[in-house]
Amino acid sequence: MSPKARRVVRSVKYFFVFIILGCLALAIVTLITPGAHIADLFKPFDQGGMLKEGAWWQMLLLFGAIAVVYPGLVFVKKEVMIEGDFEDHRDTIVNQFESLGYVKTAEDEDKLTFRIRSKYTRFMRAYEDAVTITKGTAPLILSGNRKDILRLESHITYALRDDIGGGAAQKHDDPYDFGSGDTTDTQSDNAGQQNREDNK
């Protein structure tokens, strides 16, 4: 699906989501209002209704305007800088997605797609929970909900830093890897000790 078509689909979804939320809010206000009934929402204002004439159409127009703008504000792309390419860090990156409650649902030559594991969360997000990450060299591109993207980008960045630091630490922690400078010093110390023993 093209980006324009995807945005139209999202706008339509959120339009209906906003209508449902608006109706729920009005129903709750009506129920907690003394002497009011749900039927009052549909009565003319001059007959005891709670809404003025034309209020429903105004709300629909408002919800429609918000639904057109909302996807462009919520769904973003963000770069993730890495050393090397995606395949060098595949396991670390995938593990970060899984640790944050995502599961891989699709993969092709260019990108991987993840979705939230929780069915309830997916439903509450109108099933607009997909996050994609590009393959190839840096920068990788994360695409999806702004809140999710920022959290994933942060976790992936720190995880990759730990990988780099851990690799360096492991290299120097090898008890048999003294380096060229250490070997020279050790040989010098051994030679000095042998000379002192000979002098005795």
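Visitor: What exactly am I supposed to notice about the overall build of the protein here?
Guide: Scanning the protein from terminus to terminus reveals six helices and five strands. Traced from its N-terminal end to its C-terminal end, the protein shows the element sequence α-α-β-α-β-β-α-β-β-α-α. By residue count, 28% of the 200 residues in the protein fall in the buried class. Long-range pairs, those at least 24 residues apart, make up 54% of the contacts in the protein with a sequence separation of at least 6. If you sum the accessible surface of the protein, you get close to 13800 Å²; carbon and sulfur atoms cover 58% of it.

Visitor: Help me understand the side chain of His-89, please; the structure alone is not making it clear to me.
Guide: Note on placement: His-89 falls in the loop between β1 (75–80) and α3 (90–99). Filtering out sequence-adjacent residues up to four positions away, His-89 remains in contact with Ile-82, Glu-83 and Leu-160.

Visitor: Would you mind going over the packing of aromatic side chains with me for this structure?
Guide: Pairs of aromatic rings are described using the distance from one ring centre to the other and the angle between the two planes. With the rule as written, the count across this model stands at eight aromatic pairs. Seen from their ring centres, Tyr-14 and Phe-75 are 6.4 Å apart, and the 45° between their planes marks the pair as tilted. Of this pair, Tyr-14 sits in helix α1 (residues 3–32) while Phe-75 sits in strand β1, and the two are 61 residues apart along the sequence. On the accessibility criterion, Tyr-14 (9% relative accessible area) is buried. Phe-75 gets classed as buried once you look at its relative accessible area, which sits at 11%. When the centroid spacing of 3.9 Å and the interplanar angle of 10° are considered together, the rings of Phe-97 and Phe-114 count as stacked. Note that Phe-97 is positioned in helix α3 and Phe-114 in strand β3 (residues 111–116), a separation of 17 residues in sequence. Take Phe-97 and Phe-114: they sit in the same class, and that class is buried. Aromatic ring contacts, followed pair by pair, group Tyr-14, Phe-18, Tyr-70 and Phe-75 into a single cluster.

Thresholds, definitions, all that
- Along each chain, residue indices are assigned from 1 in the same order as the chain's sequence is written.
- Predicted model: local features are reported for residues with pLDDT of at least 70 only, side-chain atom pairs are reported and counted for 80 or more only, and whole-chain, interface and lining totals are derived from all residues.
- Water and hydrogen atoms play no part in the side-chain values, which are based on all heavy atoms of the structure.
- Put simply, DSSP H or I for four residues or longer makes a helix, DSSP E for two residues or longer makes a strand, and each gets a number counted from the N terminus.
- Each residue's exposure class comes from its accessible area (1.4 Å probe, protein chains only) as a fraction of the maximum for that residue type: buried when under 20%, exposed when over 50%, partly exposed otherwise.
- A contact between two residues is defined here by any heavy atoms of the two lying within 4.5 Å.
- Only the protein chains shown count as cover for residues, with accessible areas throughout obtained via the Shrake-Rupley method and a probe of 1.4 Å.
- In this scheme Phe, Tyr and Trp rings, the latter by its six-membered ring, pair at centre separations within 6.5 Å, and the angle between planes marks the pair as stacked below 30 degrees, edge-to-face above 60, and tilted otherwise.

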